[in-house]
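Single-letter residue listing:
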Protein chains: 4
Amino acid sequence: MSGGGRDLVVGVVGAAGYTGGELCRLLLGHPDVGTILPAVRDDRSFERTHPNLAGSGLVFTTVDELEARAVDLDVVFFCTPTGHAMLAARHYLDAGAVVVDLSADFRFADPAAFERAHGVVHAAPELLDEAVYGATELNRDLVRKARLIANPGCYALTAVLALAPLLDARGDGIHDVAVHAVNGTTGAGTTPKKDLAHAEVFGSMLAYSLEGHRHGPELEAVFGALTGHEVGVDLNTTHGNFARGIHLQANVRLTGPTSRAELLETYTRFYGAGHDGEFFVLVNDNARTGKINDKQYDLYPRLADVVGSNFCHLGLDHDADRNVVKVVAVTDNLVKGAAGSAIQNMNVALGLPETAGLRAYAL
Amino acid sequence: MSGGGRDLVVGVVGAAGYTGGELCRLLLGHPDVGTILPAVRDDRSFERTHPNLAGSGLVFTTVDELEARAVDLDVVFFCTPTGHAMLAARHYLDAGAVVVDLSADFRFADPAAFERAHGVVHAAPELLDEAVYGATELNRDLVRKARLIANPGCYALTAVLALAPLLDARGDGIHDVAVHAVNGTTGAGTTPKKDLAHAEVFGSMLAYSLEGHRHGPELEAVFGALTGHEVGVDLNTTHGNFARGIHLQANVRLTGPTSRAELLETYTRFYGAGHDGEFFVLVNDNARTGKINDKQYDLYPRLADVVGSNFCHLGLDHDADRNVVKVVAVTDNLVKGAAGSAIQNMNVALGLPETAGLRAYAL
Amino acid sequence: MSGGGRDLVVGVVGAAGYTGGELCRLLLGHPDVGTILPAVRDDRSFERTHPNLAGSGLVFTTVDELEARAVDLDVVFFCTPTGHAMLAARHYLDAGAVVVDLSADFRFADPAAFERAHGVVHAAPELLDEAVYGATELNRDLVRKARLIANPGCYALTAVLALAPLLDARGDGIHDVAVHAVNGTTGAGTTPKKDLAHAEVFGSMLAYSLEGHRHGPELEAVFGALTGHEVGVDLNTTHGNFARGIHLQANVRLTGPTSRAELLETYTRFYGAGHDGEFFVLVNDNARTGKINDKQYDLYPRLADVVGSNFCHLGLDHDADRNVVKVVAVTDNLVKGAAGSAIQNMNVALGLPETAGLRAYAL
Amino acid sequence: MSGGGRDLVVGVVGAAGYTGGELCRLLLGHPDVGTILPAVRDDRSFERTHPNLAGSGLVFTTVDELEARAVDLDVVFFCTPTGHAMLAARHYLDAGAVVVDLSADFRFADPAAFERAHGVVHAAPELLDEAVYGATELNRDLVRKARLIANPGCYALTAVLALAPLLDARGDGIHDVAVHAVNGTTGAGTTPKKDLAHAEVFGSMLAYSLEGHRHGPELEAVFGALTGHEVGVDLNTTHGNFARGIHLQANVRLTGPTSRAELLETYTRFYGAGHDGEFFVLVNDNARTGKINDKQYDLYPRLADVVGSNFCHLGLDHDADRNVVKVVAVTDNLVKGAAGSAIQNMNVALGLPETAGLRAYAL
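Residues numbered from 1 in each chain as written. Chains lettered and ligands numbered in written order. Predicted model: local features only at pLDDT ≥ 70, side-chain atom pairs only at ≥ 80, totals over all residues. Heavy atoms only, no water.

- Per an unreviewed UniProt entry, chain A goes by the name N-acetyl-gamma-glutamyl-phosphate reductase and belongs to Umezawaea tangerina.
- If you open the UniProt record of chain A and go to Catalytic activity (unreviewed entry), you find "N-acetyl-L-glutamate 5-semialdehyde + phosphate + NADP(+) = N-acetyl-L-glutamyl 5-phosphate + NADPH + H(+)".
- Its UniProt record gives chain A a comment under Pathway (unreviewed entry), which states: "Amino-acid biosynthesis; L-arginine biosynthesis; N(2)-acetyl-L-ornithine from L-glutamate: step 3/4." (UniProt positions renumbered as here; feature names shortened; annotations may be inferred.)

Written as structure tokens, this is what we have:
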């Protein structure tokens, strides 16, 4: 089944959650991965935890056993809550593994910024210097040489892909962006909560963290680096009535003139057209034609068109009356927003083809 | 079944759509309504069109027959596409009926503004002067004397309820508001379209009209009247994976200081607490307590908590870092956003108790 | 708002769950109910537990306080798990209240049958004789005189309404029926469980209790009484991707000839046509016309057409090749399947109009 | 990316529908497929028709152009309505292509049986003899030599996989089976219909074809061949509130004794355990343990656990009181129920690894 010549050994710490399960699913289809070691803290059945992977033959190991085998690992992924990876990363790095952390532990270069956003003192500030922020499309050259990769948050990466071309082209005049994102309920984790029971969420929507979401500062750091000046991010988040995916809209008021056509040109130039250029980022460049109502549905991407895939679809519009640029970006929060981009980073860091194991289209 | 002493005769023009069906449903439970005459242009079965109302005994009449009986009517509701009500309203007004138009025909005082927003020349500009914009909570005194009521658009009314207290208290410094709203698929009407097939929308979201939604100018007119100066409205709309309801978030950047507590006080003063004051508008004034994640779910209203009812639930927050006020408003697009507020306006215009037939809570 | 002349005082024991909340919702709209006393065991906020009822002014009392006020109560509803009502019912009966138990405690005349089905020894077998099984449409005369009413299970009542006319007309030859029912997730209660989290159930279905559901024996008891002989019930249950409602199909193989037309006639005779006859049970008697595919959608009821209402819609078909009668019945599991029929029983037992507070149509 | 050494050229007739799109999606990931030629009758954009495949570079050809290139094709798939493939198959067969028909045209060996089930005279009865019914797990040896493969209907294949082991082991005493299946709305095709609009189906369920579904006779033919005697199939079908997947339950009354353990053993022996044996069919052999309610969720497969994959998960139970065997089978109606098993058949017919391009696990 494999076209890959390597036989990588990969560990997944915290493999009982949605992100850990998704990593296992994707790694099972990766042509260069030979051994997957999903690790959990307690004793449980892999097939009952991830029944979609029944038949795969994967079984859980313990976190302790995985640590004991650190020298065997080519890569280790952390799918743990904030605060775990920073305690264990050094051990795996010393053993020679590439570490991809899907938590927030290594996303801030400045330990004080981390502490402000997460309310925890950083336990391994000396590692922050070598950590690379794994927005692959922006930081590919850094990821190529990285040993410790901080995988972006799902909201953050989707927003970064939505806004990077605009900030690159027009960033001088942009000091504030507003982001509204609706996430699937897998984004809220596997711990049972009444508020996330099916009977509560079905047919509903529920906003949260409107006083300031933790991915806001993460975005401000990225956008500051992109533009060379401070960019305020007003990040607004809501749970939607679906299990997977992020539907994100970013609005930016411009100072100078633009048009939808010009914006499409800017984005297509930045990401390339189709799979030429950035494979995983597709700009919907359909023209606005035809009559009202009909015309809309080809202009903006639909969430369902990326669910299950590592793709990010982008759509653009321009409100000329207010000179506001509208960018719609859709991703699968567990794939491009987490496990998929983690593997994309692994591929780049190990010198594998960047799309290995990640080429599947959405259902 | 009735506690009402009157025996009103009510016509519904365009009764085959979702809004027309909803009007019939609510009118069937209204204590003062004795006769409901739902009218359509073609020949069809009421029970097959609105199977949820099977057993009610209602049957369709034709639009022509209804016009012929105009003198019998106390009230007529228009649930027709833009452009119909302005042709027929005069006939019913002359016959002595109160006219409540749920389309956009009479929402603009200025015929030129109507034409800009809808691309149609207004056929009855002489009626615009006497038309009252039926945001009942704001215009109650005008509605009381009205014969021709322009029922607000579903997005517009939800946004008006979300922002009126803030604009009332702090409007001097507010020149721009951003509104993001997700609507159920009943908002898109009953004409079959591939893009709104269940197989397409399920588990998805789809933005539309981002270049400028027609309810934007409607809102700008209302907010201009409220504040005495121009307020730009950036209205962003999306179809969600549910059939009914609007989840709307309005963000407003303030110039002076505020806090969540102060905002709650402003809103509670404006609308009253609980059912004292505005019966149909409830401000969620839960305090922010407890630990992160748990605390969120009591602060903002959930869409499902109003579906099926005429209520609007409001929640508030404040992003202190950016001094942005966040208002979450949820309504049922077919009830408070259409048929319910139309009946509320009827009640006020006829001197009935304002809540008659509208007291049902959400499921 | 009320047309009722009485001012009933009503208690609800176990008012924090979905059924208890639904009882409160319906009682708030009941013209004869003056005081609602929802009781819980712990200390919690009514508005945070049932945010859809915010503004209603209801507050929780404790179970102990409610017991202390038993003499004030006209009616008490039990929405408690199996085993609670049988301990407390005597106290309320002695105080003069009508008791409507929505749990299974009083559904079996024979304590041994209860113990077989529920694995618990019955604590008040002496009350079973006076308990009336509250399938109102079948037992109206008994309910009229009842002081202790055993409200049917949601699956059981839906199946009883689906099959009573057939068993009444053709029961001699029927010894086995198969029932397949899909229930909304509110049917599984409010305790958070991973398997009923939104992220797990969304877009999914999950069968349960296929080795024998507890409502099976309840149905066998009813059908035995209806036919005078033993009728085996193969009850199959599944969780569906919706919050409310039961979609139930009953299949019965006949020995003698029949046809769809004859079956429709049998059912319409049993229940009456439209609201004449049984108000809450509607037989869809649309003819099979038109071409294949189009024709189907008018023959069978749709779940959504009853959600939120106390109605049961029935549809019928006949597979002539196998001589199998197919009955589709849809109800709202929390209304007709629980709180609605409980109030219907209360109305009958107190001599109120049977439909008081229950006439709302589905959304 | 490919490990396959061949460079197959594959045509898809009728590629604008859900099944055609799904075939393209899966073929894009197939290691041995080099060229995909999706053909439609009209002029339309591939990317706008299947936006989930944006970037793939596929474009539509016309049916006429595809026919003109028949000699280039290794395989052609028909995703056309009943009646098309039987007109065109001979052309492709004569040109040397393997033909896999996903419609019903070649599913019956007897043209009269086809005409009874579909109401159409068969246009190519001379091809029926060489057509092989593509239930791969049962007919692998025939498929290996086939040039014309009749891919099973989605309901039929799911039911065949559910019941084959039981009929194989205990078929002598089985003369009737009852099948209840709920399908996603993609099963109803892409033509817009009001009854399948999102606003109509959301939160609902709708039965159809209860007087006798066309896949019933297809199943009776298969089961007759399996057992050597007539087996009546009572097939009941319903649209559910999800886009993809079939949740099917088959109930069979046995004459002799059995138990859940024995049934599990029968099924595991037939299909093998895990991926040993039949790769795509997994029997859930979890033991019934623990307390009521908790125990259920590991016994039966969940629909979501196969959506997007070519797997069929099976669960078993036994109602000892009635001696009824319950089999739950879940598949993705567009993958294992259509495009996936079509490719599985292609793989077998061409001597490729049977799982090539089909190993992806569900999300």
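**Overview of the overall build of chain A**
Next up, step 1: Counting secondary structure elements, chain A contains 11 helices and 14 strands.
Next up, step 2: For a compact globule of 363 residues, the expected C-alpha radius of gyration is about 21 Å, and chain A comes in at 20 Å, within 12% of that figure.
Next up, step 3: When burial is assessed residue by residue, chain A has 67% of its 363 residues classed as buried.
Next up, step 4: Intrachain contacts of chain A at a sequence separation of at least 6 include 70% that bridge at least 24 residues.
Next up, step 5: Of the roughly 11,800 Å² of accessible surface on chain A, 49% is carried by carbon and sulfur atoms.
Next up, step 6: Charge separation in chain A, taken as the distance between the mean sites of 29 positive and 44 negative side-chain charges, equals 5 Å. (Helix = DSSP H or I, 4+ residues; strand = E, 2+ residues; numbered from the N terminus. Rg over C-alpha atoms; globule rule 2.2 N^0.38 Å. Buried < 20%, exposed > 50% of the residue type's maximum accessible area, 1.4 Å probe, protein only. Contact = heavy atoms within 4.5 Å. Areas by Shrake-Rupley, 256 points an atom, 1.4 Å probe, with all protein chains shown as cover. Lys, Arg positive; Asp, Glu negative; His and termini not counted. Charge placed at Lys NZ, Arg CZ, Asp CG, Glu CD.)

**Quick notes on the nonpolar core**
Next up, step 1: The biggest cluster of nonpolar side chains holds 208 residues, and the ones touching the most others in it are F77 and M346 of chain A, F77 and M346 of chain B, F77 of chain C together with F77 of chain D.
Next up, step 2: Apart from the residues within four sequence positions on either side, M346 of chain A is in contact with L8, V10, L27, H30, V33, V75, F77 and L352 of chain A. (Core = buried A, V, L, I, M, F, W, Y, C linked by side-chain atoms within 4.5 Å.)

**Comments concerning unusual backbone geometry**
All names here are of chain D.
Next up, step 1: For S209, which is not a glycine, the phi torsion comes out positive at approximately 55°.
Next up, step 2: Along the chain, the position of S209 falls in the loop between β9 (206-208) and α9 (215-227).
Next up, step 3: A residue is classified by how much of its surface remains accessible, and S209, at 12% relative accessible area, is buried.
Next up, step 4: In this structure, N323 takes a positive phi of about 50° despite not being glycine.
Next up, step 5: In this fold, N323 is placed in the loop between β13 (312-319) and β14 (324-331).

**A short note on the relation of the copies chain D and chain C**
Next up, step 1: Superposition record for chain D on chain C: RMSD 0.0 Å, screw rotation 180°, translation along axis 0.0 Å. Taken together, the turn and the small shift mark the pair as related by a two-fold rotation axis. Distance from the rotation axis, computed per C-alpha, reaches its smallest value in chain D at N241 of chain D: 3.0 Å. (Least-squares fit on C-alpha atoms with pLDDT ≥ 70 in both.)

**Some thoughts on the sheet that holds strand β11 (residues 246-253) of chain D**
Residues and elements named next belong to chain D.
Next up, step 1: The 7 strands lie next to each other as β9-β10-β8-β11-β14-β13-β12, forming an open sheet whose pairing is mixed. Each end of this open sheet is capped by a strand with a single partner; those strands are β9 and β12 (281-283). This sheet shows a mean twist of 20° between the axes of neighbouring strands, independent of strand direction.
Next up, step 2: Contacts from helix α7 (residues 154-170) reach β8 (176-183), β9, β10 (232-239), β11, β12, β13 and β14, with the element oriented near 40° to β11.
Next up, step 3: Packed on one face of the sheet, helix α10 (residues 260-271) meets β12, β13 and β14 and runs near 155° to β13. (Pairing = 2+ DSSP bridges. Axes fitted to C-alpha atoms, helices over the stretch in contact; angles between N-to-C directions.)

**Here we look at the sheet that holds strand β7 (residues 148-150) of chain D**
Residue and element names in this part refer to chain D.
Next up, step 1: Here we have 7 strands laid out as an open sheet, ordered β3-β2-β1-β4-β5-β7-β6, and parallel in their pairing. Of all strands in the sheet, those bounded by a partner on one side alone are β3 (61-62) and β6 (131-133).
Next up, step 2: Here 6 bridges tie strand β1 (residues 8-13) to strand β2 (residues 33-40), and the two strands are oriented parallel to one another. Bridge pairing in β2 places V9 opposite T35.
Next up, step 3: Relative to β2, helix α1 (residues 18-28) is tilted by about 165°, and along the sheet it contacts β1, β2 and β4 (75-78).

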